[in-house]
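Spelled out, the chains give:
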Amino acid sequence: MAGSNFVDYVKIFARSGHGGAGSSHFRREKFVAFGGPDGGDGGKGGSIILKGDRQYWTLIHLKYQRHQFAEDGECGRGARSTGKDAADIVIPVPLGTVARRLVEQEDGSTTLEYVGEVTEDGEELVLLKGGRGGLGNWHFKSPTVQAPRYSQPGEEGDEGAFILELKVLADVGLVGFPNAGKSTLLSVVSAAKPKIANYAFTTLEPNLGIVEVRDGHSFVMADIPGIIEGAHEGKGLGTRFLRHIERNSVLLFMVPADSDDVAKDYEILLGELTQYNPELLDKRRLLAITKCDMLDEELIEQMRPQLPEGVPAVFISSVAGLNIARLKDMLWEALQ
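The strand order 10-11-9-12-13-14 describes an open sheet built from six strands, whose pairing is mixed. Here the strands that pair on one side only, and so sit at the sheet edges, are strand 10 (207–212) and strand 14 (313–315). Strand-to-strand, the axes of this sheet are offset by a mean angle of 25 degrees, without reference to chain direction. Direction of pairing for strand 12 (residues 250–256) relative to strand 13 (residues 284–290): parallel, over a ladder of seven bridges. Looking at strand 13, one finds that Leu-252 is bridged to Leu-286. Those strands touched by helix 4 (residues 262–276) are strand 9 (172–176), strand 12 and strand 13, and its axis lies near 140 degrees from that of strand 12.

What follows is the structure, encoded as structure tokens:
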């Protein structure tokens, strides 16, 4: 989206460095007769490494640095001097970054090969290893070969294109249609300040907030941009943000109290997630009926039989603070 600082998908081209060549050198000192081989080893080429950094929230820094090239290792020299290793290129990425390599097949098609993912602060994932340095000629001296005149060339580096994809790490993901009250809830239960307005797709990028519960405990809640029917087919904001729901431990479905059919809306939301990734059905699910400040207790009791079966439900109002503490307790219990 134009103007957004949130980038969760980027393609980069990377190249690791070649190893330096070993040296074929002989001692040439004035008072040393028949100086033997003393060629040093080559240095290692630089590697390309992803490193988790909790200070990063987006991949926008790679949007304008799509080429990541490491330098080659230095060649070995005489007197058994080893060439200098090239510096690794360490790329900081937000936690939840998944790396896949573009692999070209024999028929010309391209597939994505899973490389790994970074989920911990300081965790490193090597995309491309730098080439090893070659051995100098002194390694090859033997009783039968006193003056080897050969050394190893450095090992070649590697290169390739990679897709880096960010999947937001959060304990609880909010799932609902636009204007279901997700941003308002996040602003009430945490210090997050998402954009709130009375029109569809107010939220255009995921927002995270730390929710404090009893006894000093806390969990991370993510406001995922609104889903509409047909999102898995690309309608509305499409599948762009559905990937972030994959990383949430608990899914809180949110349907407003003025819905024509709460159970039907819940099933539509669940269906969109299932069409995108059937494994999402394995996650714990809760249902919050929002905007209940407009209901009295009698209307709430009349709605209870219409709720979907098998899903813990709670009637809340973020504005009025109705059942917010109870909701937090329910979410904390589900996370355990």
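All right, on to the nonpolar core then. Soluble, globular proteins show a tendency: their nonpolar side chains are buried together. Ranked by size, the top nonpolar core spans 28 residues in total, and within it Phe-253, Leu-287 and Ile-289 carry the most contacts. Counting residues per element, the ones that place at least two in this core are strand 12, helix 4, strand 13, helix 5 (297–303) and strand 14. The next biggest cluster of nonpolar side chains, apart from the first, holds 22 residues, and it includes Val-211, Met-254, Ala-288 and Ile-316.

Glancing now at the side chain of Asp-265. Positionally, Asp-265 belongs in helix 4. Within the local environment of Asp-265, its side chain forms a polar contact with the side chain of Ser-259, the two groups lying 2.6 Å apart. Sequence-distant contacts of Asp-265, that is, excluding residues within four places in its chain, are made with Phe-177, Val-255 and Ser-259.

Another aspect to go through is helix 4. In this model helix 4 runs 22 Å from its N-terminal to its C-terminal C-alpha over 15 residues, within 8% of the 21 Å that 1.5 Å per residue would give. Along helix 4, the residues that are buried comprise Val-262, Ala-263, Asp-265, Tyr-266, Ile-268, Leu-269, Leu-270, Glu-272 and Leu-273. Where helix 4 starts, the residue carrying a side-chain oxygen 3.2 Å from the main-chain nitrogen of Ala-263 turns out to be Asp-261.

So, about the environment of Glu-159. Of note, Glu-159 is situated in strand 8 (residues 159–166). Placed 90 residues apart in sequence, Glu-159 and Phe-69 show a C-alpha to C-alpha distance of 8.8 Å. Setting aside residues no more than four positions away along its own chain, Glu-159 makes contact with Phe-13, Ala-14, Arg-15, Arg-101 and Leu-128.

Pairing within the open sheet is mixed, and its three strands lie in the order 4-2-7. The sheet is open, and its two edges are formed by strand 4 (89–93) and strand 7 (124–128), each paired on a single side. In this sheet, adjacent strand axes meet at a mean angle of 25 degrees when their direction is disregarded.

Taken together, the buried positions of helix 2 (residues 182–189) are Lys-182, Ser-183, Leu-185, Leu-186 and Val-189. Buried residues along helix 2 cover an arc of 160 degrees about the axis, so they all sit on one side. Buried-residue contacts for helix 2 involve strand 9, strand 10, strand 11 (218–223), strand 12 and helix 6 (324–335).

Residues of the protein with pLDDT of at least 70 account for 86%, and the chain-wide mean is 83. Here residues 194–203 scores under 50 on pLDDT; set against residues more than four positions off or in separate chains, the count is 28 contacts.

Another point: the pattern of salt bridges. Between side chains of opposite charge, a pair can form when the charged atoms approach closely. In total, this model carries nine salt bridges according to the counting rule given. With its nearest N and O atoms 3.9 Å apart, the salt bridge here joins Glu-159 to Arg-15. Of this pair, Glu-159 sits in strand 8 while Arg-15 is found in strand 1 (residues 9–15), placing the two residues 144 residues apart along the sequence. Its relative accessible area of 32% is what places Arg-15 among the partly exposed residues.

Conventions used here
Counting restarts for each chain, with residues numbered from 1 along the sequence as it is written. With the structure being a predicted model, the display of local features is reserved for residues of pLDDT at least 70 and the display and counting of side-chain atom pairs for 80 or more, all residues being used for whole-chain, interface and lining totals. For side-chain calculations, the full set of non-hydrogen atoms in the structure is used, while hydrogens and water are omitted. Pairs of strands are assigned from DSSP output, requiring at least two bridges between the strands. Comment: elements are numbered from the N terminus, with helices defined as DSSP H or I runs of at least four residues and strands as E runs of at least two. Structural elements are reduced to axes, namely lines fitted to C-alpha atoms, with helices fitted over the stretch in contact, and the angle between N-to-C directions of any two is expressed from 0 to 180 degrees. Whether two residues are in contact is decided by their heavy atoms: any pair within 4.5 Å suffices. Here, nonpolar core means buried Ala, Val, Leu, Ile, Met, Phe, Trp, Tyr and Cys residues that are tied together by side-chain atoms lying within 4.5 Å of each other. Relative accessible area decides the class of each residue, using a 1.4 Å probe on protein chains only: under 20% of the type maximum gives buried, over 50% gives exposed, and in between gives partly exposed. A 3.5 Å cut-off defines polar contacts: any pair of N or O atoms within that distance qualifies, except that in protein one atom must be a possible hydrogen donor and the other a possible acceptor, and neighbouring residues in sequence count only when both atoms are side-chain atoms. Under the convention used throughout, the expected extent of a helix is 1.5 Å for every residue step, that is, one less than its residue count. What the arc covers is the set of directions going from the helix axis to the C-beta atoms. The pLDDT value expresses, per residue, how confident the predictor is, ranging between 0 and 100. Salt bridge, as applied in this entry: a Lys or Arg side-chain nitrogen positioned within 4 Å of an Asp or Glu carboxyl oxygen.

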